[in-house]
Amino acid sequence: MPNRRFADGEMVMGRWPGSVLYYEVQVTSYDDVSHLYTVKYKDGTELALKESDIRSQSSFKHRKSQSSSSSPSRRSSSRSRSRSPGRPAKGRRRSSSQSREHKDDKKKTIQETNVALLVLFLFKPSENNTRSYNGEPESTEINDTSSIILEQKLKPDLETEHVLEQYSYSLRPRKEEKKKEEIYSEKKIFETIKGIEKASPKTKELEFGGRIGTFALMFFLPATVLYLLLMCKQDDPSLMNFPPPLPALESLWEARVFGVFLLWFFLQALFYLLPIGKVVEGLPLSNGRKLQYRINGFYAFLLTAGAIGTLLYFQFELHYLYDHFMQFAVSAAAFSMVLSIYLYIRSLKAPEEELAPGGNSGYFIYDFFTGHELNPRIGNFDLKYFCELRPGLIGWVVINLAMLMAEMKIHNQSTPSLSMILVNSFQLLYVVDALWNEEAVLTTMDITHDGFGFMLAFGDLVWVPFVYSLQAFYLVGHPTAVSWPVAAAITVLNGIGYYIFRSANSQKNNFRRNPSDPRLSYLKFIPTATGKGLLVTGWWGFVRHPNYLGDIIMALAWSLPCGFSHILPYFYVIYFICLLVHREARDEHHCKQKYGLAWERYCQRVPYRIFPYIY
């Protein structure tokens, strides 16, 4: 076990994570396992630092005296020459002109020196490095050599800058000048780092099996939807009846149905463009810009409900959706493919900084599937954000309602069955909750990380409305009786799942938006070098990804009203578990790369996972 250099309570100089600046800190504790010092800054911030990021105060004082030994005389000399009353006016003007030229030359030299040193820093990282979301190397530690070089090089340049400011008759106090030096240093460093990152944002780590996997998924996903819908139409939808009889190809397409789908899509687009609802900013992009989003999804839902109510009042047969369900699914799939082609073509002209971190591999099939452009927009119309919650999610509720009415007509019922009421009610709650908390979707990986390509286009427009409504579609052809006590138990189960899902997501979203909110003062977190915190209390201190637990419980409650005669209604539960396993594994991998040692500390504090033995 190595001996520790710094004792508890000792005042030392600690490097701020992600920069080359050292600040006075106090050592509070030392972890013998991870060999990390916990230090406290003057503002109360506590961070865990490696021993290589800590220096004694004596070494800093010695270096400071050496670097500034000649600067007082230079400053006094410059000040005396610039203010000499005996110098003629012409001479002063010439001196002022020369000083401006000299100042410009020094600034140029400072910038070139900083760029050269930062390139050396970025491409010669320390051994403990990670990868960022876009797959590029992202060092979490500055190695000792580059740290010392930067420190020695930047400080004389900053002193020169300070002399030039005084030479121009700056009347600001010394404290303000010192603060400006720190801001100038940090600004130059991070502007250069950001510029280098933008130069090569290629995706290195491929998901979904890479090019071969994504190519196969483009055929497997539509085939899965077709299979599920055909099986639900069978009198005996058991797995033993595979494959189901395939319909004639001409029966899968109907121009009128495609026209109704287009009408639905553009009606939701019209509701999206209405100037109702507040406008909020999303999370900062890689270039620091924040996009604006209009939050009016719940209003769009109310307008849609009014439009559907009007159609029913005029005796419109809503079960038309059930009769042509297969054709609607094919129309949605065709539209999503056309939309994906358009998205990829337009992404070829998008600026480099607007491409998706996870969809910029350089491989056509992979980028087409995952999405090449992060936030494709037509003016202020955000295509990805619109498709995320509007046509598919609201369409899911309309389809469920159509299935309810089809059940009543086919079985000559005056009221829908209790099973159908449970399925419609549970899923309606889920959709309304998503639209009511629409702003929370801006912090999800779908918006902040994933591009808009075939994966999200097909998922939003086809998979969500036609697979998520599988239980209601199944109950039309295979009615299942449910007693009131069983219905009550299923309702309680769904309520438990919803409570976990909503409270866990609310904690996460509120903390992301405003960590200093007084209402969140009871939450404890581990600070990270990125400036974000990792919650270790509340739901997120109980288990990792607690919102996934709520999702699984709700998915089970949606399927239970269908009984246990066939496994088909439980496809959604199986699919959802597989999806969440993939998401949890991806989140764990990204968080480990992004937060480094802080994530390891978080895993020690919160060891429990939803799927502990899967990966």
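Remember, it's a predicted structure, so these values are computed and weren't measured experimentally. (Residues numbered from 1 in each chain as written. Predicted model: local features only at pLDDT ≥ 70, side-chain atom pairs only at ≥ 80, totals over all residues. Heavy atoms only, no water.)

This part is about the packing of aromatic side chains. With the rule as written, the count across this model stands at 45 aromatic pairs. Here the aromatic rings of Phe265 and Phe386 are separated by 5.3 Å at their centres, their planes lie at 90°, and the arrangement is edge-to-face. Of this pair, Phe265 sits in helix 7 (residues 255-273) while Phe386 sits in helix 12 (residues 383-389), placing them 121 residues apart in sequence. Looking at Phe265, the relative accessible area reads 8%, which means it is buried. Judged by its relative accessible area of 0%, Phe386 is buried. Ring geometry for Trp396 against Tyr468: centres 5.1 Å apart, planes inclined by 75°, an arrangement best described as edge-to-face. Taken together, the residues span a long stretch of sequence, with Trp396 in helix 13 (residues 391-410) and Tyr468 in the loop between helix 16 (454-467) and helix 17 (470-477) at a distance of 72 residues. Judged by its relative accessible area of 0%, Trp396 is buried. (Phe/Tyr/Trp six-rings, centres within 6.5 Å; stacked < 30°, edge-to-face > 60°. Helix = DSSP H or I, 4+ residues; strand = E, 2+ residues; numbered from the N terminus. Buried < 20%, exposed > 50% of the residue type's maximum accessible area, 1.4 Å probe, protein only.)

Turning our attention to the pattern of salt bridges. Under the defined criterion, the tally for this structure stands at seven salt bridges. Measuring nitrogen to oxygen at the nearest pair gives 3.9 Å for the salt bridge that ties Glu354 to Arg289. Note that Glu354 is positioned in the loop between helix 10 (325-347) and helix 11 (364-370) and Arg289 in the loop between strand 8 (278-281) and strand 9 (292-295), a separation of 65 residues in sequence. A salt bridge links Asp382 to Arg377, with the shortest nitrogen-to-oxygen separation between them at 2.9 Å. (Salt bridge = Lys/Arg side-chain N within 4 Å of Asp/Glu carboxyl O.)

This part covers helix 22 (residues 597-605). Within helix 22, the full set of buried residues consists of Ala598, Trp599, Tyr602 and Cys603. Considered in projection along helix 22, the buried side chains sweep an arc of 140° and stay on one side of the axis. The secondary structure elements touched by the buried residues of helix 22 are strand 12 (525-527), strand 13 (533-535), helix 19 (539-542) and helix 21 (571-595). (Arc of directions from axis to C-beta. Contact = heavy atoms within 4.5 Å.)

Our focus in this paragraph is the pairing of strand 4 (residues 46-49). Consecutive residues of a regular strand have side chains that alternate between opposite faces of the sheet. Judged by which residues are buried, strand 4 turns out to be one-sided: Leu47 and Leu49 face inward and are buried, whereas Glu46 and Ala48, on the alternate face, are not. As defined by bridge partners, strand 3 (residues 36-41) adjoins strand 4 across four bridges and the pair is classed as antiparallel. Each bridged residue has a counterpart across the sheet, and for Lys40 the counterpart in strand 4 is Glu46. Here strand 3 folds back onto strand 4, and the loop between the two strands holds four residues, one of which, Gly44, carries a positive phi near 95°. (Pairing = 2+ DSSP bridges.)

This paragraph deals with the UniProt feature "transmembrane region" (unreviewed entry) in the chain. As recorded in UniProt, the feature "transmembrane region" (unreviewed entry) lies at residues 212-231, 251-274, 295-314, 326-345, 456-476, 482-501, 522-543 and 563-582. Along residues 295-314, the helical share is 85% and the strand share 5%, with 31 Å between the first and last C-alpha atoms. (UniProt positions renumbered as here; feature names shortened; annotations may be inferred.)

The subject of this paragraph is the nonpolar core. By size, the foremost hydrophobic cluster in this structure holds 105 residues, and its most contacted members are Met403, Phe466 and Tyr468. Top element by residues in this core is helix 16. It accounts for 11 residues. The contacts of Met403, once residues within four sequence positions are left out, are Tyr322, Phe325, Met420, Ala472, Phe473 and Val476. Counting 16 residues, the second-largest nonpolar core is a separate cluster that includes Phe511, Leu535, Val536 and Cys591. (Core = buried A, V, L, I, M, F, W, Y, C linked by side-chain atoms within 4.5 Å.)

Among the secondary structure elements, His324 is positioned in the loop between helix 9 (320-323) and helix 10. Given a relative accessible area of 16%, His324 falls into the buried group. Contact partners of His324, with chain neighbours within four places excluded, come to Glu254 and Val257.

A pair of packed helices is captured by two measures, namely the crossing angle of their axes and the spacing between those axes. At a closest axis distance of 10 Å, the pairing of helix 14 (residues 418-436) and helix 17 adopts a crossing angle of 165°. By the angle between their axes, helix 14 is roughly antiparallel relative to helix 17. Once helix 14 is placed against helix 17, the crossing between them reads as left-handed. Along the contact surface, helix 14 presents Ser419, Met420, Val423 and Gln427, while helix 17 presents Gln471, Ala472, Leu475 and Val476. Here the contact of helix 14 with helix 17 is composed, by residue class, of five nonpolar, three polar and no charged. (Axes fitted to C-alpha atoms, helices over the stretch in contact; angles between N-to-C directions. Parallel < 35°, antiparallel > 145°, perpendicular 65-115°, else oblique. Left-handed = near helix turned anticlockwise from the far one by under 90°. Nonpolar A, V, L, I, M, F, W, Y, C, P; charged D, E, K, R; others polar.)

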